[in-house]
Amino acid sequence: MHLKILVTAGDGIGPEVTNEAVSVLKEVANIGGHTLELDAKRIGGIAITTDGTPLPVDTLAAALDSDAVLLGAVGGNEFNSLPPDKRPEAGLLQIRSALGGFANLRPAFAFKELAVNSPLRPEIIDGADILFVRELLGGLYFGQPREWNKATNEAWNTMRYTKAEVVRVARIAFQLAQKRRKKLCSVDKANVLEVSQLWRAAVIEVAAEFPDVALEHQYVDAMAMHIMNRPKDFDVVLTENLFGDILSDEAGVITGSLGMLPSATIGGKVNLYEPIHGSAPDIAGKGLANPLGAILTGALILRHSAGLEAEAAAIETSVRKVLEQGFRTPDLARTNPQGFTVLSTTEMGAKVRETVKTMLVNA
Ligand code: NAD
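How each quantity is defined
Residues numbered from 1 in each chain as written. Predicted model: local features only at pLDDT ≥ 70, side-chain atom pairs only at ≥ 80, totals over all residues. Heavy atoms only, no water. Buried < 20%, exposed > 50% of the residue type's maximum accessible area, 1.4 Å probe, protein only. Helix = DSSP H or I, 4+ residues; strand = E, 2+ residues; numbered from the N terminus. Pairing = 2+ DSSP bridges. Right-handed = clockwise from strand over helix to strand, strands pointing away. Phe/Tyr/Trp six-rings, centres within 6.5 Å; stacked < 30°, edge-to-face > 60°. Lys NZ or Arg CZ within 6 Å of the ring centre and 35° of its normal. Near = heavy atom within 4 Å. Polar contact = N/O pair within 3.5 Å; in protein donor to acceptor, adjacent residues only side chain to side chain. Areas by Shrake-Rupley, 256 points an atom, 1.4 Å probe, with all protein chains shown as cover. Nonpolar A, V, L, I, M, F, W, Y, C, P; charged D, E, K, R; others polar.

Asker: Mind showing me how you'd approach the pairing of strand β1 (residues 2–10) here?
Answerer: Consecutive side chains along a regular strand alternate between the two faces of the sheet. Counting buried positions along β1 yields seven of nine residues, so the element is predominantly enclosed. Two elements, β1 and strand β2 (residues 35–40), share six bridges in a ladder whose sense is parallel. Residue pairing in the sheet places Lys 4 in a bridge with Glu 37 of β2. At this point the chain moves from β1, through helix α1 (residues 14–32), to the parallel β2, and the crossover so formed is right-handed. Across five bridges, β1 lies against strand β3 (residues 68–73) in parallel orientation. Looking across to β3, one finds that Ile 5 is bridged to Ala 68.

Here it is as C-alpha cells:
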C-alpha cells in the first residue's frame, strides 16, 4: 500500500503533536511493508508570517494532490487583532471547504484509565464508544438567506437541506455502523422543524439499504440528556451540522481531555484529519502537549484513507496500553501527578511507537 500524506502542522503545539503522529505512522507502515510519501506545507499563522496568507497556493495544490491531509492546529495570540478573513483560522476554513468533505467523524470514547478526568461517574462512561457523523457543509451554518439587518434590528439564518445532502451523509453513517455495532441513532428536531422532517424521511429511506443496521431517532434536546445519562447505549450518531457541533463537544467530556480526541472529515476530494484541540499557545514549545489525539488521528488516516483496519486498531490499542501502564502527559496527570509517570510530548510518542511495534511484530 502506498499513501501520500500532506502534513500541515500549523502553529503552536501543531508541529509537536503531528511529529509524533507521523513517527507512529512511519513505524506502522515500515512494519507492514507499506510506503508513506510524506510532504509538509505551511498553514495558519506560520503561513501568514512567511507567505502573507493563511493558506498558500502551494499548500492547497499539494493538499489536493494527496491521499490524505494531516493537520495539526492553527492560531496564535499575535494574530488575534487581524480581521477574521486574514487570521490563521481562515486557512483552516478554506482548506476544509476546498477539500469538500461533508461527513465529519468525531469519535468520543472512554478510556478506563482516564475516567477520573471526566466529570461523569466512571460507571456511566466505562465502555462508552460513540462515533459522531456530523454533516459539515449544509444546515444553519451555510443556508441562505442569512443576514443581520441593522436598520431593522432583525437577523436571520436558514437551516436548509436538500434530500441529496442528507442521503449522502446518511449512507456514510450507515456504512460506518455496519463496521461497528450496527446501531445508528439519527438526531433531529422533527417535532418542530420541517427541515428535520425531511432529514428523518431521507434517513428512513436510506435505512432500507442497510437492513442489518438498527435505526433509532432522537430529538436533539433529548439526545443532549441521553449522552450524559447513558452514553453506552449509542454507537454511530448521525446529526446535521449545528446539532453535531454542539453534541460532539458535549460528548468530549466522556473522554475527559481535549488532547485525546481525533477527527476526520471524509466524503470530499481528499480526506482531512485533525485532532480536535487548538494550537494551545500557553504550552507550545515546552514539551507539555499531549500527542495522543494526533496519534489517534493518524489511526483514522489508516482506517478511512488506507483501509488498514488492523493497523488502525493496533495504534488505538497501543494508546490504551500506554495509559494502562501509568504513563501520562501533564494534562492527563493533573488529578494525581504522583501516581503516574509523567512524560513529555516526545517521550509519549516514543512509548506509543514502541508499544505498537511490539504488538505488530508479534501479531
Ligand atoms: P486550545 O484547544 O488550543 O486550548 C484549550 C486548553 O486546552 C489550553 O489550556 C491548552 O493548553 C489545552 N490543550 C489543548 N490541546 C492540548 C494538548 N494536545 N495537550 C495538552 N493540553 C492541551 O483552544 P484555545 O485556547 O481556545 O485556542 C488557542 C488557539 O487555537 C486559538 O488561536 C484558536 O483560534 C485556535 N484553535 C484552532 C483549532 C484548530 O486548528 N482546529 C481549534 C480550536 C482552536
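Asker: Hey, could you run me through the packing of aromatic side chains in this one?
Answerer: Aromatic ring pairs are reported here in terms of the distance separating the ring centres and the angle at which the planes meet. Taken as a whole and judged by the stated rule, the model has three aromatic pairs. With a centroid separation of 5.2 Å and 90° between ring planes, the pair formed by Phe 109 and Phe 111 is classed as edge-to-face. No difference in accessibility class separates Phe 109 from Phe 111, as the two residues are buried. Between Lys 150 and the ring centre of Trp 148, over which it is positioned, the NZ or CZ distance is 4.2 Å. Cation over ring: Arg 168 sits above Phe 102, and NZ or CZ is 4.0 Å from the ring centre.

Asker: Would you mind going over the site of the ligand with me for this structure?
Answerer: Among the 20 residues in the neighbourhood of the ligand, the closest are listed as Val 74, Glu 89, Gly 278, Ala 280 and Asn 290. Backbone polar atom of Gly 278 to an oxygen atom of the ligand: 2.7 Å apart, as the coordinates give it. At 2.8 Å, a backbone N or O of Ala 280 approaches an oxygen atom of the ligand. Its free accessible area being 800 Å², the ligand has 68% of it covered by the protein chains. Within the shell around the ligand, the residues separate by chemical class into nine nonpolar, seven polar and four charged.

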